[in-house]
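# Notes for the structure review
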Amino acid sequence: MPTIVIIGSLNTDLISRVRAMPRPGQTILGDDFLTLPGGKGANQAVAAAKLAGAGTRVHLVGRVGADDFGKRLLDGLGRHGVGTRHVTVTERVASGVATILVDRKGENSIVVTPGANAKLSPADLDAAETLIRSASVVVMQLEIPRQTVRHAIATCQRLGIYTILDPAPAPAKGLPRAMFAVDLFTPNESEAEALLGITPRSRAHRKRTIEPKQMAGEFLARGAKAVALKLGSRGSVLIERAGGFQTIRPFKVRVTDTTAAGDAFTGALAVGRAEGMPLVEAMRFANAAGAICCQSFGAQPALPSREAVERLLRT
Ligand code: RIB
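So, here is what we can say about the structure in this document. (Residues numbered from 1 in each chain as written. Predicted model: local features only at pLDDT ≥ 70, side-chain atom pairs only at ≥ 80, totals over all residues. Heavy atoms only, no water.)

Before going further, it helps to examine the layout of surface pockets. In this structure, the largest pocket encloses a volume near 1300 Å³. What lines the largest pocket is a set of 47 residues, and nearest its centre among them are N108, N188, T258, A261 and G262. Of all the elements in the fold, those that place two or more residues in the lining of the largest pocket are β2 (11-17), α1 (40-51), β6 (96-102), β7 (108-113), α6 (189-195), α9 (261-274) and α10 (279-293). In terms of residue class, the lining of the largest pocket is made up of 20 nonpolar, 16 polar and 11 charged. Put simply, the second largest pocket is a space of about 200 Å³. What lines the second largest pocket is simply T12, T35, L36, P37, F69, R72, L73, G76, R79, H80, Q300 and P301. Among the secondary structure elements, those contributing two or more residues to the lining of the second largest pocket are β3 (32-38) and α2 (68-79). For the lining of the second largest pocket, the class distribution of residues is 5 nonpolar, 5 polar and 2 charged. (1 Å grid on protein atoms, 1.4 Å probe; cavity = no way out; pocket = protein on both sides within 12 Å on 5 of 7 lines; lining within 4 Å. Points joined across faces, edges and corners; volume = space filled by probe spheres on them. Helix = DSSP H or I, 4+ residues; strand = E, 2+ residues; numbered from the N terminus. Nonpolar A, V, L, I, M, F, W, Y, C, P; charged D, E, K, R; others polar.)

What surrounds the ligand is a group of 14 residues, the closest being D13, G39, K40, E143 and D263. Separating an oxygen atom of the ligand from a backbone N or O atom of G39 is a distance of 2.9 Å. For the ligand, whose free accessible area comes to 280 Å², the fraction covered by protein is 96%. Given that more than half its atoms are within 2 Å of the pocket grid, the ligand belongs to the largest pocket. Of all the secondary structure elements, the ones that give two or more residues to the shell around the ligand are β2, α1 and β7. Across the shell around the ligand, the residue classes tally to 5 nonpolar, 5 polar and 4 charged. (Near = heavy atom within 4 Å. Polar contact = N/O pair within 3.5 Å; in protein donor to acceptor, adjacent residues only side chain to side chain. Areas by Shrake-Rupley, 256 points an atom, 1.4 Å probe, with all protein chains shown as cover. Sits in = over half its atoms within 2 Å of the grid points.)

Below, the structure is given as structure tokens:
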């Protein structure tokens, strides 16, 4: 039975809908407020669970606090069929929260306060090694300590397990080389720019943007075996060390909220790989999942079913 293991964060999303993003120092009134389950790790696990066939198991390795938010997050994952026996409830620390603003164009701005996510340690991964050993695909993001992600990559390399790293949020100071050594690296455009040290200022100075193919190629040079660069409404591109570059076209949808579109994409890629889809096909599947996610509000409530993705793929 294929098993997907996601190693990552769980957050409660505290979301205000606003007309436009506030400027520094400005107070604005929001339109409404919602509390919804989120966190890049949990979102990707739910995305994978909703998209996977009946024979695929999805597990999350993470940490929550011993509080009401943590309990609700665990209950929600259970309802989606995500295995949580390696999500540890941690005393004396709050569960992760994300404060999110979503504007009228569906663009968001997010502040994550990691709380218990910051306690996920290499020892937690060692405790989950039997589960990790059984995985066809292991997926990670960067809302947990970097040394834990490094340890996860090293463990998977030792065990010969396919790894996907979604480098979100992208650290301004970049990543050590060992963290690019994954089977599939899945940044979005702004994360790719941040990781390559391209700032809005340096971009303006250069008076031209770096082509997606060139950006993705930089990550191959740093050690990734393949790069799936997410370009939002422009689709995505795939570049592989083994050769080959493909542009995967976008699906045009009406955008309500882009939150978790990248998580839907990465979760779908994990399912595609676990099911043995060729990478280009998995990327098309992932583009469709990301597009559908943008049509609804919130992170986990917006993640699509397999049926919805297949319907869009048929159009
Ligand atoms: O990718 C979207 C997610 O980022 C939100 O659910 C929020 O919790 C932050 O982790």
